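Chain by chain, the residues:
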Amino acid sequence: MTKSGKRLYEVTDKVMHLFAWVSAGVVLFNFVLLCANVFMRYAFNSPIKGTSEIVTMMMAWVAYSGMAYTLLNGKHMQLEALYEKLHGRAKHIVTFFIYLLATVLFLLFVKASFDVFWQSWTIKEESVASVTVYVFIGKCGTFVGWLLLAVQAVLMAIYSALGIANPDKYDPIGVFSEIPDEEALKQLIKEEEKGGEKS
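What counts, and where the lines are drawn
- Residues numbered from 1 in each chain as written.
- Predicted model: local features only at pLDDT ≥ 70, side-chain atom pairs only at ≥ 80, totals over all residues.
- Heavy atoms only, no water.
- Phe/Tyr/Trp six-rings, centres within 6.5 Å; stacked < 30°, edge-to-face > 60°.
- Helix = DSSP H or I, 4+ residues; strand = E, 2+ residues; numbered from the N terminus.
- Buried < 20%, exposed > 50% of the residue type's maximum accessible area, 1.4 Å probe, protein only.
- Core = buried A, V, L, I, M, F, W, Y, C linked by side-chain atoms within 4.5 Å.

S.K.: Looking at this structure, how should I read the packing of aromatic side chains?
M.R.: Aromatic ring pairs are described here by two measures, namely the spacing of the ring centres and the angle between the planes. Taken as a whole and assessed by the stated rule, the structure comprises 14 aromatic pairs. With centroids separated by 4.4 Å and ring planes inclined at 20°, the aromatic side chains of F109 and W146 adopt a geometry described as stacked. One end of the pair, F109, is in helix α4 (residues 89-122); the other, W146, is in helix α5 (residues 136-165), and 37 residues separate them in sequence. A relative accessible area of 39% means that F109 is categorised as partly exposed. Residue W146 is classed as buried on the basis of its relative accessible area of 14%.

S.K.: It is not clear to me how the nonpolar core should be interpreted in this structure. Could you clarify?
M.R.: One broad trend across soluble globular proteins is that nonpolar side chains are buried collectively. By size, the foremost hydrophobic cluster in this structure holds 29 residues, and its most contacted members are Y9 and F106. Residue assignment for this core shows that the elements contributing at least two residues are α1 (13-44), α2 (51-65), α3 (67-72), α4 and α5. When residues of this core are assigned to their parent elements, the largest contribution, 11 residues, is made by α5.

Now the structure itself:
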């Protein structure tokens, strides 16, 4: 825990939250642009030039900007059945190897996506469209997304390593599932039975 009460891997929360909002903002921008294009096409027979190219390019920011925030909050697809049976140091060991592997993979993608972005940037790559659309903007979004994921995975791997060394001091990184566990199901059944008795 830090002085603010956050775990080590949660220190990036504000940055990851910001990029999650960037992702949401780009979705809104694309939606407004597409709606305006449809309106202009059918109301005035004058569609907005380059709409398809702009929306396609910006989808990289939609797809990648919020992924690290999702990882931070444990909302990616997870298999919790085995993990929840582990306790203490064993949980930290499992999460350490998961996030170590994720870090290696994400760093490979960081390198590859940076190379693609940099090549696009150096030639000021444009899409073939009725207006100038710089492709490197979308490729930058891919690189930024993988970089954020790599940073988050590194912090989670370090936190898990600290947990292996001192399991009493560090709580394991939790698995957050939308599926109710056995206790939650029992509680739901009790509430439904109470509701049935009242009616």
